[in-house]
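# Per-entry structural report
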Amino acid sequence: MLTLLSGMVMPLLPWMEEGDLRLLDAQFEALRRQRHATADDAIAVITIDEPTLAAIAEPLPLVHARLGKVLAGLANAGARAVALDVILPERSFDALLPGNDHDLIVGMLAVRRAGVLVLARTVDEAGRPRPLHAPFLAAAGPDGTGLALLPVDRDGVVRRFDEKLAEDGSAVPTLVGTIARRLGMKPDAGLMDFSRRASIPVVSLKQVLDALSLGNIAEMQRQFGGRIVFIGTALPFVDRHRIPLAAMGADGDRNAPGVMIHAWAMQALMDRSLIQRLPPAAVAVAGLACALSALLAVTGLRALITILSFVALIVVGCTALLAFGFEVPTLSLVAVAVAAALARIAFETMEEILARRRLRRAFAGYVSPAVMDELEAGRLDGMSSARRFLCVMFLDVRGFTGRSEHDAPEQVTAVLNVLFEQVTEVIHRHGGTIKEFMGDGVMALFGAPQSLADPVASCFAAARDIVRAMPDINRQLTWRGQAPLDIGIGAACGEAVVGHIGAAARHAYGAVGDCVNVASRLEGLTKDLGYPLVVSEDMAQRLGGEGLAALGRHALKGHSAVAVYGWRPLDAGRQPSE
């Protein structure tokens, strides 16, 4: 829902709207390169340019007589309609040049008799139409004027035709709209298709005056017969408007004369090529589709490629819709898709973080921190059943059964927690994994599920540290008013199958192998042999002696006799020779 709302709101954001407009221009440019140029035979433009002003050597307000001559010539040539995009004064200049207004009025009347004439008007600072010299208004007749206004997008560029230009959003009679209505067309609003490469003939006013002076009626008919003719200025700093870079006929200049833009708008109305905005409901649906598609996208290492591919697909799709006459806020849809994809990635990341936290809370007490890191990273492959070389340690508290008979369960638990707190820290520090706590005993694995460079050395180092830590542990118990503890540790190494053991509905991680049984039985020998740590012969050989005493072969319950070795700290009695 949030993504859908963002799809509806994003196109309304100023910076997003400007981004959509810039992308729209790029889409027009891409489409324009794929289209062939066509000639337009319905419209022509006569420009008052610098060569014209140089030839007549008069200011614009004093060229009325020449404009009247041109208008009469267009009427004789059979022009369908004439739009005079020249701002006429609100008073007469006949005092400076007698007959100047008369010739213009005669030309206006000639056009009206032959077809349609529309004069351009502007507005003042208050938005009111500026007045025109009354004889000019009378000559133009009813519905003979239109406002020379152009809608400007937020970025200051003219791309559209629309008559809803009043401050309250209502429609006003524009120059192009008035011509359209006079010719029986409906002036619908829309985006001008700047990807079209149709060329509108442009003729200098000087060339028209030269043709008229030579009496070249045939040339006038060829250029203007049956066409809608726009007359306006094409001077460097007069009536210029910002247009898209891809504007047709602009020769790369983004500041086009207003008369040319009016001509393009007229052409779009005539061939019904104005592009319509996609309705808000359709934009919302498109935004929802983009969001849902992005939410379904893959994450992980392929997420970036997926997002970029989806963005490209949106841009191509929106460009295709533009070619078919629909304007779509492309960047907004891209932003929605990217936001949805990033939201999903963020959600997945948060889920993964929470899952790791749950995993750490659930297993942190059972495995070493190193194993926990491997589990979180997904790099631990030892959870599936496999044969591994490992070292197994069993620890048990001697005489704890008698203590349990006399002490309260709370006291027994408190004593075990003091011991196991220290034992767990030592085992984890050496890379071991606690398989389980068995009453007053502990079973630990070294070499599975986390691989170790030397499981035997790690197991032996952990066992020695536990034995050496017992004096401190017993001092803590004595301070608590508890009797000291005596422990025994048995350890053996060998091949074993490790992994999930049990039924599909209930299983646990464990190890099955002869070394497991041997380690358990060796722990039981510690009391009889007088050593807190007893290891198997294979383990002793791999350790190279390392302060171990050979204790001979001993029979094990349910197992053949094995050679065993013992270790105890130097301060616990005489250290046996290796």
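Per chain, residue numbering runs from 1 following the sequence as it is written. Where local features are concerned, this predicted model is filtered to residues with pLDDT of at least 70; where side-chain atom pairs are given and counted, the filter is 80 or more; whole-chain, interface and lining totals use all residues. As a rule here, side-chain values come from all non-hydrogen atoms in the structure, and water together with hydrogens is ignored.

### Brief notes about the packing of helix α4 (residues 64-77) against helix α9 (residues 217-224)
Cut-off, in case you're wondering: All axes here are fitted lines through C-alpha atoms, helices being fitted over the stretch that makes contact, and every angle between N-to-C directions spans 0 to 180 degrees. Strands here mean DSSP runs of E at least two residues long; helices mean DSSP runs of H or I at least four residues long; both are numbered from the N terminus. For classification purposes, an angle smaller than 35 degrees is called roughly parallel, one larger than 145 roughly antiparallel, one from 65 to 115 roughly perpendicular, and anything else oblique. The contact criterion used is simple: two residues touch if any of their non-hydrogen atoms lie within 4.5 Å. For this classification, the nonpolar set comprises Ala, Val, Leu, Ile, Met, Phe, Trp, Tyr, Cys and Pro, the charged set comprises Asp, Glu, Lys and Arg, and every other residue, Gly included, is treated as polar.
With their axes 9 Å apart at the nearest point, α4 and α9 run at an angle of 80 degrees to one another. In terms of orientation, α4 lies roughly perpendicular with respect to α9. On α9, the residues touching G73, L74, N76 and A77 of α4 are M220, Q221 and F224. Residue composition of the contact of α4 with α9, grouped by class: four nonpolar, three polar and no charged.

### Digging into the sheet that holds strand β3 (residues 116-121)
Put simply, the rule is: DSSP calls a pair of strands paired once it identifies at least 2 bridges connecting them.
Read from one edge of the open sheet, six strands run β4-β3-β2-β8-β1-β7, paired in parallel fashion. A strand with exactly one partner marks an edge of an open sheet, and here the two such strands are β4 (145-147) and β7 (202-204). Between one strand axis and the next, the sheet turns through 25 degrees on average, direction left out of account. By the bridge criterion, four bridges tie strand β2 (residues 81-85) to β3 in an arrangement that is parallel. Directly across from V82, in β3, lies its bridge partner L117. Against the sheet, helix α8 (residues 205-213) engages β1 (43-48) and β7, with an angle of about 70 degrees to β7. Contacts from α9 reach β1, β7 and β8 (228-233), with the element oriented near 115 degrees to β1.

### So, the pairing of β2
In plain terms, the rule: Only protein chains enter the accessibility calculation, which uses a 1.4 Å probe; a residue is then buried when its area is under 20% of its type maximum, exposed when over 50%, and partly exposed in between.
Burial analysis of β2 places five of its five residues in the buried class, which makes it a mostly covered element. Burial along β2 is two-sided: A81, A83 and D85 and V82 and L84, pointing in opposite directions, are all buried. Pairing of β2 with β8 involves five bridges; the strand directions are parallel. Looking across to β8, one finds that D85 is bridged to G232.

### Thoughts on the side chain of S536
Within the secondary structure layout, S536 lies in strand β18 (residues 533-536). We classify S536 as buried; its relative accessible area is 8%. Non-local contacts of S536, meaning those with residues more than four positions away in its chain, are made with A491, A492, C493, V518, L522, A563 and Y565.

### Quick notes on the nonpolar core
Rules: Think of a nonpolar core as a cluster: buried Ala, Val, Leu, Ile, Met, Phe, Trp, Tyr and Cys residues, connected wherever their side-chain atoms sit within 4.5 Å.
If you look at the biggest cluster of nonpolar residues, it comprises 41 residues, and the most contacted ones within it are M393, L419, I427, I466, I489 and M539. Those elements giving two or more residues to this core turn out to be β13 (386-397), α16 (409-429), β15 (441-446), α17 (455-479), β16 (487-502), β18 and α19 (537-543). The element best represented in this core is α17, accounting for eleven residues. Leaving out residues up to four positions away in the same chain, L419 has contacts with L395, V397, M470, I473, L485 and I487.

### Points about helix α7 (residues 175-182)
The element α7 is extensively covered by neighbouring structure, given that six of its eight residues are classed as buried. Along α7, the positions that sit buried rather than exposed are L175, V176, G177, T178, I179 and A180. Buried-residue contacts for α7 involve β2, β3, β4, β5 (160-161), β8 and α10 (258-270).

### Observations concerning the pattern of salt bridges
Formally: One speaks of a salt bridge when a side-chain nitrogen belonging to Lys or Arg is within 4 Å of a carboxyl oxygen belonging to Asp or Glu.
A complete count under the given rule lists 18 salt bridges for this structure. With a closest N to O distance of 3.5 Å, R33 and E29 form a salt bridge. Residue R33 and its partner E29 are both found in helix α2 (residues 14-34); the two are separated by four residues, about one turn of the helix. The shortest N-O distance in the salt bridge between D538 and R542 comes to 3.3 Å. With a gap of four residues between them, D538 and R542 both fall in helix α19, about one helical turn apart. D538 sits in the partly exposed class, given a relative accessible area of 32%. Linked through salt bridges whose partners overlap, the residues forming this network are D25, D153, D155, R159, R160 and E327.

### Overview of the pairing of strand β19 (residues 549-556)
Pairing geometry for β19 and strand β20 (residues 559-567), over five bridges, is antiparallel. Residue pairing for β20: A549 is matched across the bridge by G566.

### Section: the packing of aromatic side chains
Condition: Side-chain rings of Phe, Tyr and Trp, where Trp is taken by its six-membered ring, are said to pair if the distance between their centres is within 6.5 Å; with planes under 30 degrees apart they count as stacked, over 60 as edge-to-face, and otherwise as tilted.
All told, the structure shown has four aromatic pairs when counted by the stated rule. Aromatic pair F194 and W264: ring centres 6.2 Å apart, planes at 90 degrees, arrangement edge-to-face. Of this pair, F194 sits in the loop between β6 (190-191) and β7 while W264 is found in helix α10, placing the two residues 70 residues apart along the sequence. Across the pair, exposure class does not vary: F194 and W264 are buried alike. Seen from their ring centres, F460 and W567 are 6.4 Å apart, and the 80 degrees between their planes marks the pair as edge-to-face. Here F460 is found in helix α17, whereas its partner W567 is found in strand β20, with 107 residues between them in sequence. Each of the two residues, F460 as well as W567, counts as buried.

### A look at the state of the cysteines
Selection criterion: Our working definition of a disulfide is a cysteine sulfur pair at a distance within 2.5 Å.
On inspection of all chains with the given rule, the structure shows zero disulfides. The structure places no disulfide on C391, whose sulfur is separated from the nearest cysteine sulfur, that of C459, by 3.6 Å. Exposure remark for C391: the relative accessible area of 0% places this residue in the buried category.

### Here we look at a nonpolar patch on the surface
Applicable threshold: A patch is a set of surface residues, each over 30% in relative accessible area and not in a salt bridge, joined within 9 Å for like charges and within 5 Å for the nonpolar side chains Val, Leu, Ile, Met, Phe, Trp and Tyr. With residues, only the protein chains shown are counted as cover, and all accessible areas are computed by Shrake-Rupley using a 1.4 Å probe.
Taken together, the side chains of L321, F324 and F326 define a hydrophobic patch exposed on the protein surface, amounting to about 330 Å² of accessible area. Within the secondary structure layout, F326 lies in strand β12 (residues 326-327).

### Side note on the side chain of R464
Looking at where R464 falls in the secondary structure, it is placed in helix α17. By relative accessible area, which is 18% here, R464 ends up buried. When sequence neighbours within four positions are dropped, the list of residues in contact with R464 reads L533, E546 and W567.

### Remarks on the packing of α7 against α10
Our working rule: Crossings are assigned a handedness: left-handed for a near helix turned anticlockwise from the far helix by less than a right angle, right-handed for a clockwise turn.
Two elements in contact, α7 and α10, have axes separated by 9 Å at closest approach and are oriented at 35 degrees. Crossing handedness for the pair α7 and α10: right-handed. Residues L175, V176, I179 and A180 of α7 touch α10, and the partners they reach there are H262, A265, M266 and L269. In the contact of α7 with α10, the residues fall into seven nonpolar, one polar and no charged.

### A short note on the confidence of the model for the chain
Heads up, the condition is: pLDDT is a residue-level measure of predictor confidence that goes from 0 to 100.
When pLDDT is averaged across the chain, the result is 84; 83% of the residues are at 70 or more. Within the chain, no element has a lower average pLDDT than helix α1 (residues 2-9), which sits at 53, and none a higher one than β18, at 96.

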